[in-house]
Structures are given as C-alpha cells and as structure tokens.
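Now for the letters of each chain:
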Amino acid sequence: SLIMEILIAKRINDLMKNEKLTQMQLATALGIGQSSVSDWINAKSEPSIENLWKLADFFDVSVDYLIGRKEI
C-alpha cells in the first residue's frame, strides 16, 4: 500500500542518514541494485520480505520497525 511504502521509505531514509550511507553503499551491502534502493526511498516500491530481513539485519532493527508496526 502507498502508506506502507511511504513509511518504509522514511524509515530507510532515516537509517541511511544516521549511518551516513549512500544508496550505492547500501545496495552493495545488501547485494542488490542501487535502483532498488532508490525506488524504496522514493516510495516507488517496497522491499521484498527477503530484502526487509536484509535491511533489518544490516541496520540492527526489527522488520516491524521498518514497516511501521513498532518504534525503536
């Protein structure tokens, strides 16, 4: 849904800013294309379940946090 895409976009954006990461750095760390990261942070698409797990592990947050079900 659009609301979830916007929320996930904000969370990923905030986490990237906190870590001072570029889209390319995050994409490389996750083993995905930079265009996927760009689409996520611009709310054009949302990460697959597999990529949500990768993001959660990478940033040491929960999937529930990423999708807006919980705060930190």
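This structure is a prediction, so every number in the text was calculated from the model and none was measured. (Residues numbered from 1 in each chain as written. Predicted model: local features only at pLDDT ≥ 70, side-chain atom pairs only at ≥ 80, totals over all residues. Heavy atoms only, no water.)

Draft legend 1. Examining the overall build of the protein more closely. Secondary structure summary: the protein contains five helices and zero strands in total. What you see in the protein, going N to C, is helices and strands ordered as α-α-α-α-α. Its C-alpha radius of gyration of 11 Å places the protein within 12% of the 11 Å reference for a compact globule of 72 residues. On the principal axes, the C-alpha backbone points of the protein span a range of 25 × 25 × 20 Å. (Helix = DSSP H or I, 4+ residues; strand = E, 2+ residues; numbered from the N terminus. Rg over C-alpha atoms; globule rule 2.2 N^0.38 Å.)

Draft legend 2. Here's a closer look at the nonpolar core. Core analysis: the largest hydrophobic core is formed by 19 residues, its most contacted members being Ile-12, Leu-26 and Leu-55. Elements with a contribution of two residues or more to this core: α1 (2-19), α2 (23-30), α3 (34-41), α4 (49-59) and α5 (63-66). (Core = buried A, V, L, I, M, F, W, Y, C linked by side-chain atoms within 4.5 Å. Buried < 20%, exposed > 50% of the residue type's maximum accessible area, 1.4 Å probe, protein only.)

Draft legend 3. A look at the pattern of salt bridges. If you walk through the whole model with that rule in mind, you get three salt bridges. Its salt-bridge partner being Asp-14, residue Lys-10 comes within 2.7 Å of it at the nearest N-O pair. Taken together, the residues Lys-10 and Asp-14, both in helix α1 and four residues apart, mark about one turn of the helix. A salt bridge links Lys-70 to Asp-64; its shortest N-O distance comes to 3.6 Å. Salt bridges linked by common partners bring Asp-64, Arg-69 and Lys-70 together as one network. (Salt bridge = Lys/Arg side-chain N within 4 Å of Asp/Glu carboxyl O.)

Draft legend 4. Spatial organisation of the packing of α2 against α4. Relative to each other, α2 and α4 sit at 110°, their axes nearing to 10 Å. Between α2 and α4, the crossing angle belongs to the class labelled roughly perpendicular. Facing Leu-26, Ala-29 and Leu-30 of α2, the residues of α4 in contact are Lys-54, Leu-55, Phe-58 and Phe-59. Looking at the contact of α2 with α4 residue by residue, the classes come out as six nonpolar, no polar and one charged. (Axes fitted to C-alpha atoms, helices over the stretch in contact; angles between N-to-C directions. Parallel < 35°, antiparallel > 145°, perpendicular 65-115°, else oblique. Contact = heavy atoms within 4.5 Å. Nonpolar A, V, L, I, M, F, W, Y, C, P; charged D, E, K, R; others polar.)

Draft legend 5. Structural detail: the environment of Ala-27. Relative to the helices and strands, Ala-27 resides in helix α2. Taking the relative accessible area as the measure of exposure, Ala-27 reaches 0% and is therefore buried. When sequence neighbours within four positions are dropped, the list of residues in contact with Ala-27 reads Ile-32, Gly-33, Gln-34 and Val-37.

Draft legend 6. Layout of the packing of aromatic side chains. Scanning the entire structure with this criterion turns up one aromatic pair. An angle of 85° between the planes, with centres 5.0 Å apart, marks the rings of Phe-58 and Phe-59 as edge-to-face. Taking the relative accessible area as the measure of exposure, Phe-58 reaches 38% and is therefore partly exposed. Note that Arg-11 overlies the ring of Tyr-65, its terminal NZ or CZ placed 4.1 Å from the centroid. (Phe/Tyr/Trp six-rings, centres within 6.5 Å; stacked < 30°, edge-to-face > 60°. Lys NZ or Arg CZ within 6 Å of the ring centre and 35° of its normal.)

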